[in-house]
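Listed below, chain by chain, are the residues.
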Amino acid sequence: MIIRRYRAEALADSFGIQMAEIDGLATAAAWGRVPAGGRTMVHRHDETEQITIVSGDGEFLVEDRRIPAGPGTVAVFEPFEPHVLANTGAGELLFLTQYWRDAERVSASIFGDGQADSDRPIFVCSTPPTPNGDLHLGHLSGPYLGADAYVRYQRMNGARAWHLTGSDDFQSYVRDLARREGCSPAQIAAHYSAEIAATLALMDIEPDHYTVTGADPAYRRGLQEFFSKLVASGGVTAQAGPALVDPEDGGYLYEVDVAGGCPVCGSTTRGNICEECGEPNTVVDLIDPIALSSGLAPITRTVTRFMLPLHEFRDAVLTHQRFGRVPARLRQLAGRVFARERLDLAITHPSDWGVRPVEPEASGQVVWVWPEMAFGFLHGIQRLGERVGQNWTASAPQRDWKIVHFFGYDNSFYHGMLYPALYSLAFPDWQPDIDYHVNEFYLLDGKKFSTSRRHAIWGKEILGPDSVDAVRFFLAATRAEHGRTNFTTAEYERVLGEQLIGTWQRWLTDLGQRVTEDFGGVAPEAGNWTAEHLAFVRRLYLRLESMTASLEPDGFSLRAAAAELDGIVRDAVQFAETGGRLREIGGMDSETRTTTVLELTAAKLLAAVSAPIMPRFADRLDHALGGTDARSWPTTVEPVPTGSSIELSGVVFFQPSRGAVEMPVAEAVSP
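This is a predicted model, so every value here is computed, not measured. (Residues numbered from 1 in each chain as written. Predicted model: local features only at pLDDT ≥ 70, side-chain atom pairs only at ≥ 80, totals over all residues. Heavy atoms only, no water.)

**A word on the overall build of the protein chain**
Counting its regular elements, the protein chain contains 16 helices and 25 strands. Here the protein chain has a C-alpha radius of gyration of 28 Å; the compact-globule value for 671 residues is 26 Å, and the two agree. In terms of principal-axis extent, the alpha carbons of the protein chain reach across some 90 × 85 × 45 Å. Counting only residues that meet the buried cut, the protein chain has 54% of its 671 residues in that class. Within the protein chain, contacts between residues at least 6 apart in sequence are counted, and of these 76% link residues at least 24 apart. (Helix = DSSP H or I, 4+ residues; strand = E, 2+ residues; numbered from the N terminus. Rg over C-alpha atoms; globule rule 2.2 N^0.38 Å. Buried < 20%, exposed > 50% of the residue type's maximum accessible area, 1.4 Å probe, protein only. Contact = heavy atoms within 4.5 Å.)

Here's what the structure looks like:
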């Protein structure tokens, strides 16, 4: 007999509350105490955990659900299931936790059943591009290809997923280009917004909602209401503080108007954010700043703006980050930013381009475009809901919304820190569930792609019906996911010629010719199996498992996915060489049939799993194998049905470039 009793004096800080281990039971166990108004950290672990509420009143927070937890409540959490226990009562909450490792449950939690929750909406948001130029390959390789492939994969698994983006019309860079071009910012925004949408379509990226912020009649009013909620919360207030102005004309300087050294890393940067280290600046803290319009050193003036004391939201932001998928790079940035003693951010700026708040203290100012974007994502969800018949509103975000953000590292501060702080003010009862997918800079000939410097290969220069599959594959294979990567025309042409045409196309054409010659153009029935046949099938199953892992939310990586696609083809080519030897041996017709069946099986698997990255190629290959337009993610490796008409030999999947894309020469510009 074993008896253990609760002793308050044995408790120690753990998981954001107080806990005490219990020794000698059949499982690992501990007492836990949550003070009134307290809650555990968001946590997940590889053990199965059973929590029994002994006394007090609380609730479990599990993703979008809040589950009452009173005395006698027993809850079991699967491995890696994130959860929180909060005390909602007036007194302390006491619980018993027991936990153990179960290898089968761990495996089930890691691999799941391959099907998404079809009831929960998933809103995949790619950062709206600035309409001061068209999209180049640096843009396309990052948020937009990532979000598109993510949504395609989710839908193949039965999820209700949508891709939302738009044009960020009120950026100061739009105003700056309009000044240089001698036209209005609205004209610049309208022109390039349309060009951006056209380039996305050429890339086979067709967002489910595309917000044009300067043209949507409801956008301005909704943003003003959102901003008023921030002010009403008391967390955003009008304050007088130092700001930089141009000594020549007295113009207020921020973002595109001013350049200097980053106060954190020393790199040359513009106002408000450093692209190199990702940290924000307050403009007045730039090292040796220069007003770009006059080329003179700015002077300091006192300006009243609405300010957000971001340092006060450290705990709220870090708690938010424990719920979703937050890469280590973003967590590292948050750690550095919140290590500052203070960070007071101006979220309105004097300007004649943007949305003016209704508050009288903001006279002559506009909502800064980055806080504006926090509302813009919610507005996009509302507009999407109007089209698909759902009662989604920007003013009342719902707990069951799953939001996924795709963005470049230079936008990490806004997405991962600023927006959660703003949401906590505007919607204090909403705990947003947001996953973050960050890409690094994609370089062109060793230098950053740049719209303003026109150092770029534009999407329209390289995209077309015959090239889009190759471009999507190459951008996926070289995507800057964990560090900067580089695009060169020579490498793209090599991959197209040697890999896609020289290996993929050649294998599929040769397979089609053999099916025509040996089996009259129809899929044969398998014959006798050899050890090589069994080994190849096992290899296909491993490829499917790895491909699935590379597109699942936790491990999403288009580089890994592209490598697995190429791996399927290379495995099949090597296997075909072995089959060719059997074909030359008399009396091995049965084994040759099996080889052909398994090569067709590999081609069918390739057609299915390439769809998120190369949708046109996937459709062509599926039709050439006698398939239909039905698209779902495979959970097993299936052969092409016996007797299916095979038309591989006459299909051209990839074509040589009609002319090499010229590398641009970067313009000489001021920093």
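**What to know about the packing of aromatic side chains**
The description of two aromatic rings rests on the distance between their centres and on the angle between their planes. Applying the stated rule across the entire model yields 34 aromatic pairs. Ring centres 6.2 Å apart and planes at 40° place the aromatic pair Phe-226 and Phe-427 in the tilted group. Residue Phe-226 is located in helix α5 (residues 219-232), and its partner Phe-427 is located in the loop between α9 (412-426) and β22 (433-439); the two are separated by 201 residues in the primary sequence. Residue class for Phe-226 comes out buried when judged on its relative accessible area of 4%. Grouped by ring-pair contacts, the aromatic residues Phe-123, Trp-162, Tyr-219, Phe-226, Phe-375, Trp-392, Trp-401, Tyr-423, Phe-427 and Trp-430 constitute a single cluster. Arg-329 extends its terminal NZ or CZ atom over the ring of Tyr-409, reaching a point 3.7 Å from the ring centre. (Phe/Tyr/Trp six-rings, centres within 6.5 Å; stacked < 30°, edge-to-face > 60°. Lys NZ or Arg CZ within 6 Å of the ring centre and 35° of its normal.)

**What to know about the nonpolar core**
Phe-487, Trp-504 and Leu-648 are the most contacted members of the largest nonpolar core, which totals 85 residues. Not counting residues up to four positions away in its chain, the partners in contact with Leu-648 are Leu-508, Thr-509, Leu-511, Gly-512, Leu-600, Leu-621, Ala-624, Leu-625 and Phe-653. (Core = buried A, V, L, I, M, F, W, Y, C linked by side-chain atoms within 4.5 Å.)

**Digging into the state of the cysteines**
Per the stated rule, a full pass over the model turns up zero disulfides. Take Cys-277: it sits in no disulfide, and the sulfur closest to it among the cysteines is that of Cys-262, at 3.7 Å. (Disulfide = S-S within 2.5 Å.)

**Overview of the confidence of the model for the protein chain**
When the pLDDT values of the protein chain are averaged, the result is 92; 96% of them are 70 or greater. Segment residues 663-671: pLDDT under 50, and 21 contacts once partners within four positions in sequence are set aside and those in other chains are kept. (pLDDT = per-residue confidence, 0-100.)

**Details of helix α12 (residues 489-519)**
In α12, a bend of some 30° at Ile-501 exceeds every other bend along the element. Two residues or fewer past α12, Gly-520 is found with a positive phi of approximately 70°. (Bend = angle between axes of the 7 residues up to and from the residue.)

**Regarding the pairing of strand β4 (residues 48-55)**
Here is the key point about a regular strand: its side chains alternate between the two faces of the sheet. As paired strands, β4 and strand β9 (residues 93-100) are joined by seven bridges and run antiparallel to one another. Following the sheet pairing, Thr-52 is matched in β9 by Leu-96. Relative to strand β7 (residues 74-77), β4 runs antiparallel, the two sharing four bridges. Across the sheet, Glu-49 pairs through a bridge with Phe-77, a residue of β7. (Pairing = 2+ DSSP bridges.)

**Details of the sheet that holds strand β6 (residues 65-69)**
Spatially, the three strands line up as an open sheet ordered β6-β5-β8, and their pairing is antiparallel. Edge positions in the open sheet fall to β6 and β8 (84-87), since each of these has one partner strand only. Averaged over all pairs of adjacent strands, the angle between strand axes in this sheet comes to 30°, irrespective of strand direction. Sheet topology places strand β5 (residues 58-62) next to β8; four bridges connect them, and they run antiparallel. Residue pairing for β8: Phe-60 is matched across the bridge by Leu-85. (Axes fitted to C-alpha atoms, helices over the stretch in contact; angles between N-to-C directions.)

**Re helix α13 (residues 531-551)**
In this model α13 runs 31 Å from its N-terminal to its C-terminal C-alpha over 21 residues, within 8% of the 30 Å that 1.5 Å per residue would give. Among the residues of α13, those classed as buried are His-533, Phe-536, Val-537, Leu-540, Arg-543, Leu-544, Met-547, Thr-548, Ser-550 and Leu-551. Around the axis of α13, the buried residues are gathered within 160° of arc, so they sit on the same side. Relative to its buried face, α13 has exposed residues pointing more than 90 degrees away, namely Ala-531 and Arg-538. (Expected span 1.5 Å × (residues − 1). Arc of directions from axis to C-beta.)

**Some words on the environment of Gln-398**
The residue Gln-398 is located in the loop between α8 (369-388) and β21 (402-408) in this model. Gln-398 sits in the partly exposed class, given a relative accessible area of 25%. Placed 329 residues apart in sequence, Gln-398 and Ala-69 show a C-alpha to C-alpha distance of 22 Å. Residues within four places of Gln-398 in sequence aside, it is in contact with Asn-391, Trp-392 and Trp-430. Within the structure, the side chain of Gln-398 is placed 3.1 Å from the backbone oxygen of Asn-391, a separation counted as a polar contact. (Polar contact = N/O pair within 3.5 Å; in protein donor to acceptor, adjacent residues only side chain to side chain.)

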